[in-house]
Amino acid sequence: QVQLVESGGGLVQAGNSLTLSCVASGLTFSNSGMGWFRQAPGKEREFVSRITWSGSETYYGDSVKGRFTISRDNGKNTVYLRMNSLKPEDTAVYYCAAHRLREYEYKYWGQGTQVTVSS
């Protein structure tokens with residue numbers, strides 16, 4: 001059974017930073033492309049970032065490019081999302097996803113972690 005457990009969310013002031021973590025189990029993590037998505041109240045789910053299985057390639061949504069950094073540690077089955085210069089519009093539930101099927105479709109999803117950025 002695949003499990004993705006996110007952590008690291010919380011309340012932070014605008015301009016500050018947070019690092020989210022997602023620990024995966026039940027899958028061959030080192031073979032799995034990983035992604036981060038977010039969903040704010042009343043809005044559709046939004047692509048944030050993704051990383052290839054080796055970590056050699058990373059991709060970002062336009063709204064976070066230059067501020068967020070995705071990384072992974074295959075030895076720890078963990079993917080990270082470092083979020084700098086946070087803005088109130090970054091407030092959302094952030095979801096980790098594993099095993100990319102196509103553009104924004106993943107086979108496995110975590111339960112999400114809330115990030116709230118106050119102005």
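Let me begin by describing the structure that accompanies this report. (Residues numbered from 1 in each chain as written. Predicted model: local features only at pLDDT ≥ 70, side-chain atom pairs only at ≥ 80, totals over all residues. Heavy atoms only, no water.)

Moving on, we come to the environment of Phe 37. Residue placement: Phe 37 occurs in strand E4 (residues 34-39). For Phe 37, a relative accessible area of 2% translates into the label buried. In this structure the C-alpha to C-alpha distance between Phe 37 and Tyr 94, which are 57 residues apart in sequence, comes to 5.7 Å. Ignoring anything within four residues of it in the chain, the contact list for Phe 37 reads Arg 45, Glu 46, Phe 47, Val 48, Val 93, Tyr 94, Tyr 95, Ala 97, Tyr 104, Tyr 106 and Trp 109. (Helix = DSSP H or I, 4+ residues; strand = E, 2+ residues; numbered from the N terminus. Buried < 20%, exposed > 50% of the residue type's maximum accessible area, 1.4 Å probe, protein only. Contact = heavy atoms within 4.5 Å.)

On to the state of the cysteines, then. In the structure shown here, the tally under the stated rule is 1 disulfide. Two residues share a disulfide in this structure: Cys 22 and Cys 96, whose sulfurs sit 2.1 Å from each other. Linking Cys 22 and Cys 96, the disulfide has an S-S dihedral of approximately -75 degrees and is accordingly described as left-handed. Of this pair, Cys 22 sits in strand E3 (residues 18-25) while Cys 96 sits in strand E9 (residues 92-102); the two residues are 74 residues apart in sequence, bridging distant segments of the chain. Considered together, Cys 22 and Cys 96 belong to a single accessibility category, that of buried residues. (Disulfide = S-S within 2.5 Å.)

It is a general feature of regular strands that their side chains alternate between the two faces of the sheet. In this structure, E9 lies alongside strand E10 (residues 105-109), joined through 4 bridges in antiparallel fashion. Residue pairing for E10: Ala 97 is matched across the bridge by Trp 109. Here E9 folds back onto E10 in antiparallel fashion, the turn holding 2 residues. (Pairing = 2+ DSSP bridges.)

Remember that the coordinates give geometry; whether it matters functionally is a separate question.
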